[in-house]
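Below are the chains, spelled out letter by letter.
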Amino acid sequence: MASSDGFPASFYGEPGVLGMLSNGISAFLVLLQNFHTAHTGTAPAGVENILAGVHLILIGGVCQLVAGMLSFRKYDHLSGTAFIGYAALWGSYGATRIYFGASTQTPTIVPLPAQITNNLSLSTNMTSNMSLTATMVIPVFHVCLSIKETAIAGLVPYILLSFLLAFCSATVNYIMPLVFGAITATLVFEAVGLVASSWALVVSGVLELLILIFAIYGSAALLGKGLTQRLVLKGFGTPLFSVLLLGTTNSAPFIFAFYSFGYIKSFGVGVAWVSIITVAQLFSSYYAHLRQDCYHTTKFGLHATYWLIKAWDEFVLSALVLEDDKVASGREAMVGNWFFVMAGVMLCVGSLNTDVLELIHNMLPLYCTFSRLINTIAEKSLIPVGPQPISSEMLKKALMCCRANQGDQEALTQTDQGSDALFYISNGVAALSALHARSSSLNPAFLHLTVPWVLISGAIIQAYVSRLQVTGGGRFGSVIPTIYVAVWATWTWFRFSGNLLQLSAEAAYGFTAGAIALLVINAFLMLIAAYRNLVLLFLTSVMEVVLVCFLLSTLQRLPYEFEIATLALFSIICIYGALASLVNCIFSHRLLPMGPPLIKEKVRWESVPELPCPVANSRLTSSLMKIAGLLEEGGVCGVPTDTVYALAASCKNPRAIENIYNIKDRPAEKPICICISNVEQLVEAKPPFSPLLWEFMRNVYPGGISCIVSKGDWLFKLGVGPAYDRVGTKDSIMIRVPDHTVTGHLCDITGPLAITSANPSGEPDSTHHTMVINRLGHKLQGVLCDGDSNEVVASTVVNCLKIDEGTITIVREGCVPAVKVHQIFERVKSTMV
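Only a predicted model underlies this, so the values are computations on that prediction, with no experimental measurement involved.

S.K.: Sorry, what's going on with the overall build of the protein chain here?
M.R.: What the protein chain contains, in helices and strands, is 29 helices and twelve strands. Each of the 833 residues in the protein chain was classed as buried or not, and the buried ones make up 53%. Just so you have it, the protein chain exposes about 35500 Å², and 64% of that area is on carbon and sulfur atoms.

Following this line, the structure appears as structure tokens:
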């Protein structure tokens, strides 16, 4: 098991088992309902639909969400995208089933107090043709209108996503395309079944049965691979075609488009679909944060904030049935949209450092999703994304034009975090949305609209930012965003919800005490901000004035003009803070000034031990690229494998391979093996191996077994090139294919590596990166840290030079017992007869 500073054991597992089974079981649940409806002619209703919806959310939603995050941590972006996308699909479909169940329940007739009856007559226009009495039917099912229409609108983007995934997955194996293709067809007939006869449900049920069968087979294949360390069942590892020949979907725009054109009459079910997909987007933002990708952390977080606010905005209006003139005046008073416009411009500035496709992402989202997936799988730009609009140097000069010393590019410190931009955005949206005149507070439509705008951005999204800053490891953690969550939640409750609920004077005094407490707490936050930068200090200082306005409002002494100016100033600071934080994080230098900290912390540098060589965290893609760069430059680095740590050198640099002998005092007569990522690389090199040797290698690779085979010119095609005479012996070479995602991905980047155990010759193997650093760090150019190794001994070495004569020899027994190796060989021989 890995320690806390390395990957957990689940990183090396197969999250595809969980994801595929969750898909299959979810399809099976829908299959049962479809066949029952087609057979009896009666659609499920009531509790049956509610229970089905709960199961779909838990199994198809939550379980696949876990599988998607684990897949991303394995650098499997295709499976990660698929599982998180389908988690949103099944979660939304489950919510729709719950709405179906709720809408078919018998309405409850209850007596209403006279005060509530009067309030209803003032806030709705439903009483114009009938008089309210002391007893009436509560209109609780207005939000359940347009369920079928919303479901159809929501299924459209997932049909497109499934089609793209089916096409992209064909570059990986031939099981996942069948699963995704069956899901694509199923979603089409599910949409048809919502408006057509039962025949569509029968076809959909048959396709869902195929999904279940494919999912069971695929899960069994992956599970067998994990247990036996080889591909027991066919289907994985063999693409339908080579990719060389050739973020999660967002359904919110589709649902809003159907709603805007009048196809969907009520947004009650639509808000559930949009809310679930925004949760998936927040997980994408969180994954980008783990990769230290501040641009996509901010981008996905901003998109999630916008669509979540707009969804609940429309839900409030469609559920409350307010008068049209009040709705129009309420929308005119809302100015929060302008902050999103400015934030969009800020993202465009940040995307100037990427490519043209990023600039037009909102115009062509499907093409962007397809190209990003294909290019990620191939690890090169196969699908055109356009050049970088402006060179990084030109962009830096443009952004630094306001600095006094343009040559001064101060590096970021530990106090700077990738989530800072999202922190400023969430506060800015909340502040600008809370801005209103005295007359607007009398409009019930404006009060209803303001609640989701301020509460979602200032409290819900900022709570997510608080979580990001906890993982960022800053000195003060998430203190400021956590307190501001309470500030905006309290603000919303009193200023907007309080007017709707008509809070008593005693309740208002309670908010007065809370405002005083928040004033005192914010004074301490100003002290914390003084350790960071001037922009954050100005922000917390203006927040102190905002809290004074909140205190005055609880005492009915608020000067609205003063509050408008304060909130506007607060929003301007947030816009600049978001832009500066994003740009500075992208370039890892302070191109836009944030101001120095007023209070500087005295750091005891002598207490920090200096490492003998650069180290990199295997969790981070940037760290993996750093080690790959060191290897390309001719360095020798310590890297993890599926057994123990190894010393690695690129086969492109023969001198680096010679350095390995000097580093570990290895006798010259002991050869060094080569490491590749998968057997398919050997297939492309076309070595003259016998069918028996090929079958044996497919059964032991990847894993803790190394095979000695004959040397030949095929090694040049493999990429060994200049290192031909430095690896192996004169006539033979040992090949290693680790069952380790990090090492395999490193080999994909650098090409074949020459490796040997990372220990001084004659000493025990290194089972933790600290052992490599302490024993050999002063001689290495870098160490890729991955915590505890999976094994305590090296791989088992098998001599396969005489395999065609029916014999193999165990040269060294390592983590795989010799008995098991012979069992595998005998089984392979029996199948070749």
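Alright, that's what it looks like, and here's the rest.
S.K.: Mind showing me how you'd approach the sheet that holds strand 5 (residues 646-650) here?
M.R.: Sheet strands line up and pair through hydrogen bonds in the backbone, either parallel or antiparallel. In spatial order, the strands read 3-10-4-5-9-6-8-7-11-12; together these ten strands make up an open sheet with mixed pairing. Of all strands in the sheet, those bounded by a partner on one side alone are strand 3 (615-617) and strand 12 (809-812). Here the average twist between neighbouring strands, direction ignored, is 35°. In this structure, strand 4 (residues 637-639) lies alongside strand 5, joined through three bridges in antiparallel fashion. Looking at the pairing, Val639 lines up with Ala646 of strand 5. Each of strand 5 and strand 9 (753-757) is contacted by helix 23 (residues 654-664), which is oriented at about 155° to strand 5, the strand it contacts most. Contacts from helix 29 (residues 818-832) reach strand 7 (705-710), strand 11 (796-799) and strand 12, with the element oriented near 150° to strand 12.

S.K.: How should the side chain of Ser457 be read in this particular structure?
M.R.: With respect to the helices and strands, the residue Ser457 is situated in helix 17 (residues 444-472). Only 3.4 Å separates the side chain of Ser457 from the backbone nitrogen of Ala430, close enough to count as a polar contact. Within the local environment of Ser457, its side chain forms a polar contact with the backbone oxygen of Trp453, the two atoms lying 2.6 Å apart. When residues no more than four places from it in sequence are discounted, the contact partners of Ser457 are Thr305, Ile309, Ser426, Val429, Ala430, Pro452 and Gln462.

S.K.: Explain the confidence of the model for the protein chain to me, please; I cannot follow it from the model alone.
M.R.: Considering every residue of the protein chain, the mean pLDDT works out to 76; 72% of them sit at 70 or more. Scored below 50 in pLDDT, residues 106-144 makes 45 contacts in the model with residues more than four places away or belonging to other chains.

S.K.: How should the pattern of salt bridges be read in this particular structure?
M.R.: Opposite charge on two side chains permits pairing when their charged atoms draw close. Inspection of every chain in the model, using the stated rule, returns six salt bridges. Its salt-bridge partner being Lys652, residue Glu632 comes within 3.4 Å of it at the nearest N-O pair. Of this pair, Glu632 sits in helix 22 (residues 621-632) while Lys652 sits in the loop between strand 5 and helix 23, and the two are 20 residues apart along the sequence. Judged by its relative accessible area of 33%, Glu632 is partly exposed.

S.K.: Can you help me understand a nonpolar patch on the surface in this one?
M.R.: Residues Leu18, Val54, Leu58, Val62 and Val66 make up a contiguous nonpolar surface patch of roughly 380 Å² in combined accessible area. Looking at the nonpolar patch element by element, the count peaks at four residues for helix 2 (residues 47-73). Along the chain, Leu58 falls in helix 2.

S.K.: Please clarify how the pairing of strand 9 should be interpreted in this entry.
M.R.: Two faces make up the sheet, and in a regular strand the side chains alternate between them. Within strand 9, five of the five residues are buried, which leaves the element mostly enclosed by the surrounding structure. In this structure, strand 5 lies alongside strand 9, joined through five bridges in antiparallel fashion. Along strand 9, the bridge assignment pairs Leu647 with Thr756. Examined bridge by bridge, strand 6 (residues 673-675) and strand 9 share three bridges and lie antiparallel to one another.

S.K.: Which parts of the structure should I look at to understand the nonpolar core?
M.R.: Soluble globular proteins: nonpolar side chains tend toward being buried together. Grouped together as the largest cluster of nonpolar side chains are 122 residues, with contacts concentrated most on Phe180, Tyr424 and Trp488. Of all the elements, helix 3 (residues 77-103) adds the most residues to this core, at twelve residues. Excluding anything up to four places from it in sequence, Trp488 contacts Asn427, Ala430, Ala431, Ala434, Val454, Gly458, Ala459, Gln462, Met543, Leu567 and Phe570.

S.K.: How should the pairing of strand 10 (residues 782-785) be read in this particular structure?
M.R.: Both faces of strand 10 are covered, namely the face carrying Gly782 and Leu784 and the face carrying Val783 and Cys785. Across three bridges, the pairing between strand 3 and strand 10 is parallel. Across the sheet, residue Val615 finds its bridge partner in strand 10, namely Val783. As defined by bridge partners, strand 4 adjoins strand 10 across two bridges and the pair is classed as parallel. Bridged to Gly638 within strand 10 is Val783.

S.K.: Help me understand the environment of Ser433, please; the structure alone is not making it clear to me.
M.R.: Topologically, Ser433 is positioned in helix 16 (residues 420-434). A C-alpha to C-alpha distance of 4.3 Å links Ser433 and Gly336, two positions 97 residues apart in sequence. A distance of 2.7 Å separates a polar side-chain atom of Ser433 from the backbone oxygen of Val429.

S.K.: Looking at this structure, I do not really get the packing of helix 20 (residues 534-554) against helix 21 (residues 560-587). What am I missing?
M.R.: Between two packed helices, both the angle of their axes relative to each other and the distance between the axes serve to describe the pair. Packing of helix 20 against helix 21 brings their axes to within 10 Å, and their N-to-C directions diverge by 160°. Classified by the interaxial angle, the pair formed by helix 20 and helix 21 is roughly antiparallel. Seen from above, helix 20 lies across helix 21 with left-handed handedness. Across the interface between the two elements, Val535, Phe538, Leu539, Val542, Met543, Val545, Val546 and Cys549 from helix 20 touch Phe562, Glu563, Thr566, Leu567, Leu569, Phe570, Ile573, Cys574, Tyr576 and Gly577 from helix 21.

S.K.: Sorry, what's going on with the environment of Val700 here?
M.R.: Mapped onto the fold, Val700 is located in helix 25 (residues 691-700). Judged by its relative accessible area of 4%, Val700 is buried. In sequence terms Val700 and Val737 are 37 residues apart; their C-alpha atoms lie 9.0 Å from each other.

S.K.: Got a minute to help me understand the side chain of Thr641 in this structure?
M.R.: By the secondary structure assignment, Thr641 is in the loop between strand 4 and strand 5. In this structure the side chain of Thr641 is engaged in a polar contact, spanning 3.1 Å, whose partner is the backbone nitrogen of Thr643. Among the polar contacts made by the side chain of Thr641, one reaches the main-chain carbonyl oxygen of Val644 at a distance of 2.5 Å. Those residues within four positions of Thr641 in sequence are excluded, and the remaining contacts are Ala646, Arg736, His740 and Thr743.

S.K.: What is the right way to look at the packing of aromatic side chains in this model?
M.R.: For any two aromatic rings, the description comes down to two numbers: the centre-to-centre distance and the angle of the planes. As enumerated under the stated definition, the model contains twelve aromatic pairs in all. Pairing Phe494 with Phe511 gives two aromatic rings, centres 5.0 Å apart and planes at 45°, and the pair type is tilted. With Phe494 in helix 18 (residues 479-501) and Phe511 in helix 19 (residues 505-530), this pair connects stretches of sequence that are 17 residues apart. For the pair Phe494 and Phe550, a centre-to-centre distance of 5.8 Å together with 90° between the ring planes defines the contact as edge-to-face. Here Phe550 lies in helix 20 and Phe494 lies in helix 18, a separation of 56 residues in the sequence. Per residue, the accessibility class of Phe494 equals that of Phe550, and both read buried.

S.K.: What exactly am I supposed to notice about helix 12 (residues 336-351) here?
M.R.: Think of an α-helix as turning once every 3.6 residues; residues three or four places apart then point the same way. Its 16 residues give helix 12 an end-to-end C-alpha distance of 23 Å, which sits within 8% of 22 Å, the value for a rise of 1.5 Å per residue. When we look at burial in helix 12, the residues that qualify are Gly336, Phe339, Phe340, Ala343, Met346, Leu347, Gly350 and Ser351. Angular distribution of buried residues about the axis of helix 12 spans 135°; they occupy a single face of the element. Across helix 12 from its buried face, at more than 90 degrees, point the exposed residues Trp338 and Val345.

S.K.: How should helix 27 (residues 741-750) be read in this particular structure?
M.R.: Within helix 27, seven of the ten residues are buried, which leaves the element mostly enclosed by the surrounding structure. Regarding helix 27, the residues found buried are Val742, Thr743, Gly744, His745, Leu746, Cys747 and Thr750. Along its buried surface, helix 27 packs onto helix 22, strand 4, strand 5, strand 6, strand 9 and strand 10.

About the cut-offs
- Residues numbered from 1 in each chain as written.
- Predicted model: local features only at pLDDT ≥ 70, side-chain atom pairs only at ≥ 80, totals over all residues.
- Heavy atoms only, no water.
- Helix = DSSP H or I, 4+ residues; strand = E, 2+ residues; numbered from the N terminus.
- Buried < 20%, exposed > 50% of the residue type's maximum accessible area, 1.4 Å probe, protein only.
- Areas by Shrake-Rupley, 256 points an atom, 1.4 Å probe, with all protein chains shown as cover.
- Pairing = 2+ DSSP bridges.
- Axes fitted to C-alpha atoms, helices over the stretch in contact; angles between N-to-C directions.
- Contact = heavy atoms within 4.5 Å.
- Polar contact = N/O pair within 3.5 Å; in protein donor to acceptor, adjacent residues only side chain to side chain.
- pLDDT = per-residue confidence, 0-100.
- Salt bridge = Lys/Arg side-chain N within 4 Å of Asp/Glu carboxyl O.
- Patch = residues over 30% accessible without salt bridge, like charges linked within 9 Å, V, L, I, M, F, W, Y side chains within 5 Å.
- Core = buried A, V, L, I, M, F, W, Y, C linked by side-chain atoms within 4.5 Å.
- Parallel < 35°, antiparallel > 145°, perpendicular 65-115°, else oblique.
- Left-handed = near helix turned anticlockwise from the far one by under 90°.
- Phe/Tyr/Trp six-rings, centres within 6.5 Å; stacked < 30°, edge-to-face > 60°.
- Expected span 1.5 Å × (residues − 1).
- Arc of directions from axis to C-beta.

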